[in-house]
Amino acid sequence: MAPAVAVVEAQSDRLEVNVPMSVSGLLADLLQRGVILRLSQDRTRIVAPRHRLSPEERARLRDDKREILALLAYADEYRALIRNAFAAMTARASASSGLRELADDQARLIDELGVDLASAIRDGEARQWRHETGLCPACGDDKDCAMCLETDQAGAED
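The rules behind each value
- Residues numbered from 1 in each chain as written.
- Predicted model: local features only at pLDDT ≥ 70, side-chain atom pairs only at ≥ 80, totals over all residues.
- Heavy atoms only, no water.
- Helix = DSSP H or I, 4+ residues; strand = E, 2+ residues; numbered from the N terminus.
- Contact = heavy atoms within 4.5 Å.
- Areas by Shrake-Rupley, 256 points an atom, 1.4 Å probe, with all protein chains shown as cover.
- pLDDT = per-residue confidence, 0-100.
- Buried < 20%, exposed > 50% of the residue type's maximum accessible area, 1.4 Å probe, protein only.
- Core = buried A, V, L, I, M, F, W, Y, C linked by side-chain atoms within 4.5 Å.
- Salt bridge = Lys/Arg side-chain N within 4 Å of Asp/Glu carboxyl O.
- Axes fitted to C-alpha atoms, helices over the stretch in contact; angles between N-to-C directions.
- Parallel < 35°, antiparallel > 145°, perpendicular 65-115°, else oblique.
- Left-handed = near helix turned anticlockwise from the far one by under 90°.
- Nonpolar A, V, L, I, M, F, W, Y, C, P; charged D, E, K, R; others polar.

1. Topic: the overall build of the protein
Thought 1: Check the secondary structure of the protein and you find 6 helices and 4 strands.
Thought 2: Across the protein, every contact between residues at least 6 apart in sequence was considered, and the portion connecting residues at least 24 apart equals 55%.
Thought 3: Only carbon and sulfur atoms are counted for the fraction: they give 49% of the accessible area of the protein, which is about 9900 Å².

Right under this line is the structure:
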């Protein structure tokens, strides 16, 4: 995978500076492309669809394995948290009691994962939740809220 390139202007000349993509950014990019990485059952290996990864991406997974394993553990925890949030929000009656604790956990996990990766996970889980339950995770119904429209649009693109 080619590193991200930042363009820096110096006087009237343009210089290109190679800025390597963060591990969190790499995982977010893969997830947004539909490449889902998981931890092995013993949580010591990365399970990935090899045919969907370039040789450079596979090398990066090997090189940054320790950090990726940690992020994937947080990602699993965040997925579970998001699913519980969707369930709480659609149940409405009992939602308020657990939402404070949920918000604290969510803030902690977003700090660990980074905003881009956390957003990619949340969006993927929202689409999956809506597909499995037929309910919007935000409004609990099939209405025209922002998340309903986003999940409909993302589903149409898939």
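2. Description of the confidence of the model for the protein
Thought 1: Per-residue pLDDT for the protein averages 80, and the proportion of residues at 70 or more is 74%.
Thought 2: Scored below 50 in pLDDT, residues 1-12 shows 28 contacts in the model against residues more than four places distant or in partner chains.

3. Focus on helix α1 (residues 23-32)
Thought 1: Judged by how many residues are buried, α1 sits mostly within the fold: 8 of 10 residues are covered.
Thought 2: Within the sequence span of α1, burial applies to Val 23, Ser 24, Gly 25, Leu 26, Leu 27, Ala 28, Leu 30 and Leu 31.
Thought 3: Following α1 by one or two positions, Gly 34 has its phi on the positive side, about 90°.

4. A word on the nonpolar core
Thought 1: Residues Leu 27, Leu 37, Tyr 78, Leu 113, Leu 117 and Ile 121 are the most contacted members of the largest nonpolar core, which totals 34 residues.
Thought 2: Here this core gets 10 residues from one element, more than from any other, and that element is helix α3 (residues 65-91).

5. A word on the pattern of salt bridges
Opposite charge on two side chains allows them to pair when their charged atoms are near.
Thought 1: With the rule as written, the count across this model stands at 11 salt bridges.
Thought 2: One salt bridge in this structure joins Arg 33 and Glu 57, with 2.7 Å as the shortest N-O distance. Residue Arg 33 is found in the loop between α1 and β3 (38-39), and its partner Glu 57 is found in helix α2 (residues 55-63); the two are separated by 24 residues along the sequence.
Thought 3: Of the charged contacts in the structure, one is a salt bridge between Arg 38 and Asp 76, with a shortest N-O distance of 3.9 Å.

6. So, unusual backbone geometry
Apart from glycine, the bulk of residues carry a negative phi angle, and the bulk of peptide bonds sit in the trans form.
Thought 1: One non-glycine residue, Arg 43, lies in the positive phi region at around 65°.
Thought 2: A residue is classified by how much of its surface remains accessible, and Arg 43, at 44% relative accessible area, is partly exposed.

7. Focus: the side chain of Arg 79
Thought 1: Of note, Arg 79 is situated in helix α3.
Thought 2: When its relative accessible area of 10% is taken as the criterion, Arg 79 is described as buried.
Thought 3: In this structure Arg 79 touches Leu 31, Ile 36, Arg 38, Ile 121 and Glu 125, once residues within four positions along its chain are discounted.

8. Digging into the environment of Arg 108
Thought 1: Looking at the secondary structure, you find Arg 108 in helix α4 (residues 95-113).
Thought 2: Sequence separation between Arg 108 and Tyr 78 is 30 residues; the distance between their C-alpha atoms is 9.6 Å.
Thought 3: Sequence-distant contacts of Arg 108, that is, excluding residues within four places in its chain, are made with Tyr 74 and Glu 77.

9. Section: the packing of α1 against helix α5 (residues 115-133)
Thought 1: Running from amino to carboxyl end, α1 crosses α5 at an angle of 25°, the nearest separation of the two axes being 8 Å. Taken together, the axes of α1 and α5 are roughly parallel relative to one another. α5 is crossed by α1, and the crossing has left-handed handedness. Every residue of α5 that contacts α1 at Ser 24, Leu 27, Ala 28, Leu 31 and Gln 32 is listed here: Asp 116, Leu 117, Ala 120 and Ile 121.
Thought 2: Of the residues that constitute the contact of α1 with α5, the class distribution is 6 nonpolar, 2 polar and 1 charged.

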